[in-house]
Amino acid sequence: MARFLIKTEAETDPAYGCPPYKRPIEEHIQKGVINLDKPPGPTSHQVDSWIRRLLNVKKVGHGGTLDPKVTGILPIGIEKATRVLQLLLEAGKEYVCVMRLHGPVKMSKLEDVFQEFQGKIFQTPPMKAAVKRQLRVRKIYYVKILEVDGRDVLFRIGCEAGTYIRKYCHDIGEALGTGAHMLELRRTKVGPFTEDETLITLHDLTDAYHFWIEEGDESHLRKCIQPMEFAVKHLPRIVIRDSAVDAICHGANLAVGGIIGLDDNIEKGDTVVLMTLKDELVAAGESMCSSLEILDAEKGIVVDTQKVFMERGTYPKLW
């Protein structure tokens with residue numbers, strides 16, 4: 001876990017901005033994300049449409065499409081938070097899968113082949129994939145066999161974004177010499193979205209919305225919808241001064257003088273998020289230096305601002 005390094009001391013003016021969890025409920029929804037447990041059946045786009053109608057909003061999007069039969073974590077962004085989901089594109093994923101073997105295999109051989117299919121692997125996307133079918137490298141962070149029942153193998157896998165688990169099962173089967181296919185799949189992690197207390201179902205969201213509309217009780221909806229800042233918890237952060245916020249909102253790059261503190265795990269070229277002292281997401285960009293270089297620097301530009309999420313004028317113009 002990253003340590004937070006303090007570069008200088010500063011305070012934030014309570015007259016501007018708002019801590020994410022204290023936003024008025026209407027703004028909370030407009031800048032909200034949902035850690036949704038997708039059921040089997042609907043497409044990811046059908047889920048978007050359903051939530052859009054339920055919450056009576058204009059825009060809903062998801063991060064990382066799941067096939068209709070696949071269940072599990074489907075990050076949802078509402079209105080202004082839909083753009084934040086772009087920062088999940090490169091985030092690691094985790095799945096639990098049931099693979100069916102087409103013939104008998106000794107446990108020792110199964111374990112050996114799974115061991116071989118860790119680290120960097122080569123994959124060609126399947127025929128139905130929405131990307132160009134060309135050989136590419138994907139990283140398997142870990143894979144663990146959880147249970148074997150006859151020819152059904154239950155395993156957990158952590159992988160780089162863009163890994164096709166259906167193809168992974170097929171390739172395992174080829175290596176075993178028996179053949180195999182994916183029987184069931186559940187996604188259990190997308191970056192900071194995990195199977196924790198924030199994971200909700202469509203029924204949970206429906207009930208929470210009606211509690212708010214019919215009884216004025218917004219507490220359930222606040223549990224179902226997280227601030228958009230929740231979706232960037234996996235990225236290293238740099239906390240900036242109030243006086244630097246509006247300049248960043250206008251597209252300025254971040255200079256050393258605007259920094260209060262930063263995480264210690266930043267490397268040159270990393271995607272970083274720029275946050276206020278109230279923990280609000282301002283923007284994302286590419287770091288031009290490492291954490292220690294930023295900490296030691298006395299002047300210069302250190303972040304190339306690429307995506308701005310906060311509205312201009314939220315903080316006073318002091319530049």
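Just above sits the structure.
Residues numbered from 1 in each chain as written. Predicted model: local features only at pLDDT ≥ 70, side-chain atom pairs only at ≥ 80, totals over all residues. Heavy atoms only, no water.

A. Inspection of the side chain of Arg138 at higher detail. Here Arg138 lies in strand S7 (residues 136-149). One buried charge, Arg138, has no salt-bridge partner; the nearest side chain with opposite charge is Glu160, at 4.4 Å. Side-chain polar atoms of Arg138 contact the backbone oxygen of Ala161, separated by 3.1 Å. A distance of 3.5 Å separates a polar atom in the side chain of Arg138 from the backbone oxygen of Gly162. Beyond its immediate sequence surroundings of up to four residues, Arg138 is in contact with Gly119, Lys120, Ile121, Glu160, Ala161, Gly162 and Thr163. (Helix = DSSP H or I, 4+ residues; strand = E, 2+ residues; numbered from the N terminus. Buried < 20%, exposed > 50% of the residue type's maximum accessible area, 1.4 Å probe, protein only. Lys, Arg positive; Asp, Glu negative; His and termini not counted. Salt bridge = Lys/Arg side-chain N within 4 Å of Asp/Glu carboxyl O. Polar contact = N/O pair within 3.5 Å; in protein donor to acceptor, adjacent residues only side chain to side chain. Contact = heavy atoms within 4.5 Å.)

B. Summary view of the pairing of strand S8 (residues 152-159). As judged from the eight bridges shared by strand S5 (residues 93-101) and S8, these two strands associate in the antiparallel manner. Within S8, the residue paired with Arg100 across the bridge is Asp152. Two strands pair when backbone bridges link them, and S7 and S8 are joined in this way by eight bridges, in the antiparallel orientation. Residue Asp149 lies in a different strand from S8, and its bridge partner there is Asp152. (Pairing = 2+ DSSP bridges.)

C. How the structure looks around helix H5 (residues 202-215). Look at H5: 19 Å from first C-alpha to last across 14 residues, which is about the 20 Å you get at 1.5 Å a residue. Burial in H5 covers these residues: Leu202, Leu205, Thr206, Ala208, Tyr209 and Trp212. The arc that holds every buried residue of H5, seen down its axis, measures 170°, which confines them to one face. In this structure, H5 carries His203, Glu214 and Glu215 as exposed residues pointing more than 90 degrees from its buried face. Gly216 occupies a position one or two residues after H5 and carries a positive phi of about 75°. (Expected span 1.5 Å × (residues − 1). Arc of directions from axis to C-beta.)

These values are about where atoms sit, not about what they do.
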